[in-house]
Amino acid sequence: MQPEDGGSTDFIIVGSGIAGLYTAIRLAEHGRVTVLSKQDLIAGNTWFAQGGIAAAFSAEDSPELHLEDTWRAGVYFGDREAISVLVEEAPDRIRDLLGLGVRFDHRDGSIDLGQEGAHSRKRILHIGGDATGRELVEALLFQARNRGVTFIEDAFVEQLIVEDGSCRGVCFFTARRRCLLQARVVILATGGCGQVYKWTTNSPAVTGDGLAQAYWAGAVLRDLEFYQFHPTVFFPAHGSPFLISEAVRGEGARLVNGAGERFMDRYHPRGELGPRDIVSRAILAEKARTGQEVFLDLRHLGAGFIPERFPTIYSRCREWGIDITRDLIPVSPAAHYLIGGITVDLEGRTAVENLFAVGEAASTGVHGANRLASNSLLEGLVFGHRVAAAAAAADGSGRPLKQPVDWVRLKEPGPPDEQGCLAVRPLLQELMWENVGLIRTRDGLLAARDRLKRWLPLLEYRFSGATLIETQNMLLTAMMMTEAALCRQESKGCHYREDYPGEDPELGGKHFIFRREAGGEAGSGGMPCPAAT
Ligand code: SIN
């Protein structure tokens with residue numbers, strides 16, 4: 001079925017987290033902006049962000065120190081130029097937020113700066129204690145609406161429309177219609193892919209859609225073997241895992257084993273504030289060594305301080321019967337953040353003309369092989385600003401679109417395929433958790449690849465429901481992550497291979513990339529094939 005004509009706009013932004021909203025605000029003065037969100041506007045990850053935004057904002061700090069911390073946390077694999085942009089433009093972007101009415105928490109008359117792992121200074125700005133994401137989204141939505149940005153909710157992007165190498169719009173559907181919306185520029189701000197894992201801090205909406213769409217459109221993806229696990233996540237008996245912010249450890253919370261002993265000093269000189277991958281693996285090792293749970297202990301921070309500084313964590317834990325002023329919180333790592341993504345330049349351009357990417361969906365190179373805490377909201381802001389400037393200057397094409405649309409998925413589904421596709425989702429999540437998780441081995445990765453390969457034919461069908469297409473997107477993303485993890489025969493940052501525990505100097509500056517045109521097209525009988533650059 002051909003989509004109906006949905007008209008045109010100047011800029012389409014897919015996704016309504018911090019990166020999408022901030023880009024929309026900046027673009028609003030340059031033309032008509034339409035933001036498409038596949039669920040409601042607050043369904044993405046930003047809403048749940050607790051810790052805050054990192055920026056060198058105190059007299060004791062500087063962009064240079066922030067750069068060194070980011071570079072070191074990324075195990076010297078990041079792009080120094082991109083990191084310079086991130087840290088140097090950070091204070092200006094924070095001032096922009098202040099100008100947009102965002103009210104960061106204050107202590108003793110000045111902005112209260114929190115501490116998080118692997119930061120050498122206190123530099124985390126936060127709002128509402130641990131409600132930074134929620135407060136930011138509300139403020140940015142208000143500003144975007146005031147500037148006339150159009151929002152379309154429950155709009156699932158099925159495919160990017162590319163003609164003669166240039167992105168010309170998107171085909172999306174809602175419950176009532178399927179349409180083709182043309183634009184000068186399309187910007188993917190779709191976040192990462194936490195839902196490829198069984199246990200994740202991510203919102204259920206985060207299924208790798210932008211990554212898959214970019215792949216089919218001909219963009220380059222890279223560094224997909226680097227996936228960050230957050231060390232301190234609470235797993236309630238029922239429902240989704242709940243993040244216990246790193247800011248809690250920044251305020252002095254301790255990790256203790258079942259015997260009540262602190263153990264992090266045995267794993268890293270910075271103890272509880274070591275890099276996330278090291279803290280995560282230490283928790284697993286301690287659990288295995290003792291056969292007991294690992295806990296976060298905040299009790300010494302005081303019954304007055306805790307609910308005021310961490311109101312969200314306090315009240316959510318109360319719902320599960322844990323009073324964090326008196327009780328320990330059992331914690332374990334869960335999937336949290338995709339380090340790699342759609343390769344972009346410093347203005348967010350992908351390899352496809354007039355297609356941009358920003359935020360977690362994009363790979364700017366700032367995170368290297370592991371992300372420094374609270375640099376993610378910052379990346380959305382800093383690069384959102386740059387993407388807006390570049391997108392405003394992009395020409396687009398005035399030509400009418402060719403019809404009919406060329407679909408990348410050719411086969412119409414039969415009922416068994418739909419059922420088969422739906423059944424794959426939980427199996428894939430389990431497979432990725434077990435075999436492409438925090439600790440990887442060649443055998444585990446090969447087993448994952450074999451299993452994923454069997455599901456490959458599903459990618460050839462044109463399904464019409466969001467859940468089915470999400471599952472296809474998760475499958476494609478999972479395949480690329482697995483292939484990249486197999487190729488990187490070393491351990492670096494958050495990619496840990498038990499069979500290759502050290503770094504390989506030969507792989508020093510090498511990235512594994514995926515590009516559809518480069519051969520090995522997914523779904524045509526083969527796995528997507530990485531190339532080294
Ligand atoms: C946290 O609050 O611990 C998460 C923040 C982040 O991932 O940077």
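Scroll up for the structure.
A brief structural summary. Quick caveat: nothing in here was measured; it's all calculated off a predicted structure.

### Looking at the side chain of Arg-488
With respect to the element layout, Arg-488 can be found in the loop between helix H13 (466–487) and strand S23 (512–515). Polar contacts involving the side chain of Arg-488 include one to the main-chain carbonyl oxygen of Lys-510, which spans 2.6 Å. Setting aside anything within four residues of it in sequence, one finds Arg-488 in contact with Phe-77, Glu-225, Phe-226, His-495, Arg-497, Leu-507, Lys-510, His-511 and Phe-512.

### A closer look at the layout of surface pockets
Any empty space left between the atoms is revealed when a probe the size of a water molecule rolls over them. Considered as a void within the structure, the second largest pocket measures approximately 440 Å³ in volume. Lining the second largest pocket are 28 residues; nearest its centre among them are Gln-159, Leu-160, Val-162, Asp-406 and Val-408. Taken together, the elements giving at least two residues each to the lining of the second largest pocket come down to strand S10 (156–163), helix H5 (209–217) and H13. The element that contributes the greatest number of residues to the lining of the second largest pocket is S10, accounting for seven residues.

### A word on the site of the ligand
Gly-51, His-230, Leu-243, Ser-245, Glu-246, Arg-276, His-336, Arg-371, Ala-373 and Ser-374 make up every residue found near the ligand. Here the ligand has 260 Å² of accessible area as a free molecule, and 94% of this is covered by the chains. Tallied by class, the residues present in the shell around the ligand amount to two nonpolar, five polar and three charged.

### Notes on the sheet that holds strand S4 (residues 53–54)
Pairing is antiparallel in the open sheet, where three strands are placed in the order S4-S8-S7. Both edges of this open sheet fall to S4 and strand S7 (113–114), since each of them pairs with a single strand only. Summarising the sheet, S7 and strand S8 (residues 124–125) pair through two bridges and their orientation is antiparallel. Its bridge partner lying in S8, Leu-113 is registered against Leu-125.

### Some thoughts on empty space enclosed by the protein
Counted by the stated rule, this structure contains one cavity of 30 Å³ or more. Empty space within the largest cavity amounts to approximately 60 Å³. Around the largest cavity, the lining residues are Ala-73, Gly-117, Ala-118, Gln-228, Glu-246, Gly-274, Pro-275, Arg-276, Asn-370, Arg-371, Leu-372 and Ala-373.

### So, the packing of helix H1 (residues 18–27) against helix H10 (residues 375–393)
Between H1 and H10, whose axes approach to 8 Å, the crossing angle comes to 35°. Viewed along their axes, H1 and H10 form a crossing whose handedness is right-handed. When H1 is examined against H10, the residues Ile-18, Ala-19, Tyr-22, Thr-23, Arg-26 and Leu-27 are found in contact with a partner set consisting of Leu-377, Gly-380, Leu-381, Gly-384, His-385, Val-387, Ala-388, Ala-391 and Ala-392. In terms of residue class, the contact of H1 with H10 is made up of 10 nonpolar, four polar and one charged.

Rules and cut-offs
Residues numbered from 1 in each chain as written. Predicted model: local features only at pLDDT ≥ 70, side-chain atom pairs only at ≥ 80, totals over all residues. Heavy atoms only, no water. Helix = DSSP H or I, 4+ residues; strand = E, 2+ residues; numbered from the N terminus. Polar contact = N/O pair within 3.5 Å; in protein donor to acceptor, adjacent residues only side chain to side chain. Contact = heavy atoms within 4.5 Å. 1 Å grid on protein atoms, 1.4 Å probe; cavity = no way out; pocket = protein on both sides within 12 Å on 5 of 7 lines; lining within 4 Å. Points joined across faces, edges and corners; volume = space filled by probe spheres on them. Near = heavy atom within 4 Å. Areas by Shrake-Rupley, 256 points an atom, 1.4 Å probe, with all protein chains shown as cover. Nonpolar A, V, L, I, M, F, W, Y, C, P; charged D, E, K, R; others polar. Pairing = 2+ DSSP bridges. Axes fitted to C-alpha atoms, helices over the stretch in contact; angles between N-to-C directions. Left-handed = near helix turned anticlockwise from the far one by under 90°.

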